[in-house]
Amino acid sequence: MSETAKPIEELTFREAMAELDGIVGVLESNTLELEDSLKSYERGVALLGALQGRLTEAQQKVDVLMGELVGEADDAQRDATLS
């Protein structure tokens, strides 16, 4: 992990996933010193939290959009029963 890591909020979802995947690989390889492992782990936890937040936000947007679609169908059904 470089000392000039890009701030997490500036990473795209794909970049954050790739960085997290790299961190997991390095930690699993057991090649880092303890201090570097801790720094990498902290960065990984922060990346994971940010990614989960983005997924939750995306899911909420999808739920809203799906609700709007269902609402439109219900309105159409209601209009058909009035005539």
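Scroll up for the structure.
Rules used throughout
- Residues numbered from 1 in each chain as written.
- Predicted model: local features only at pLDDT ≥ 70, side-chain atom pairs only at ≥ 80, totals over all residues.
- Heavy atoms only, no water.
- Helix = DSSP H or I, 4+ residues; strand = E, 2+ residues; numbered from the N terminus.
- Buried < 20%, exposed > 50% of the residue type's maximum accessible area, 1.4 Å probe, protein only.
- Areas by Shrake-Rupley, 256 points an atom, 1.4 Å probe, with all protein chains shown as cover.
- Patch = residues over 30% accessible without salt bridge, like charges linked within 9 Å, V, L, I, M, F, W, Y side chains within 5 Å.
- Salt bridge = Lys/Arg side-chain N within 4 Å of Asp/Glu carboxyl O.
- Core = buried A, V, L, I, M, F, W, Y, C linked by side-chain atoms within 4.5 Å.

## Focus: the overall build of the protein chain
- Along its length, the protein chain carries two helices and zero strands.
- In the protein chain, which comprises 83 residues, the proportion classed as buried is 12%.
- Carbon and sulfur atoms make up 58% of the accessible area of the protein chain, which totals about 6,600 Å².

## Considering a nonpolar patch on the surface
- There is a patch of nonpolar side chains on the surface, built from F13, M17 and L55 and spanning about 270 Å² of accessible area.
- Here M17 is to be found in helix α1 (residues 13-29).

## Examining the nonpolar core
- By size, the foremost hydrophobic cluster in this structure holds seven residues: I8, L11, A16, L20, I23, L47 and L51.
- The set of elements that each furnish at least two residues to this core consists of α1 and α2 (34-82).
- For this core, the element with the most residues is α1, which contributes three residues.

## So, the environment of V24
- Within the secondary structure layout, V24 lies in helix α1.
- A relative accessible area of 35% places V24 in the partly exposed class.
- With 16 residues separating them in the primary sequence, V24 and S40 have C-alpha atoms 8.7 Å apart.

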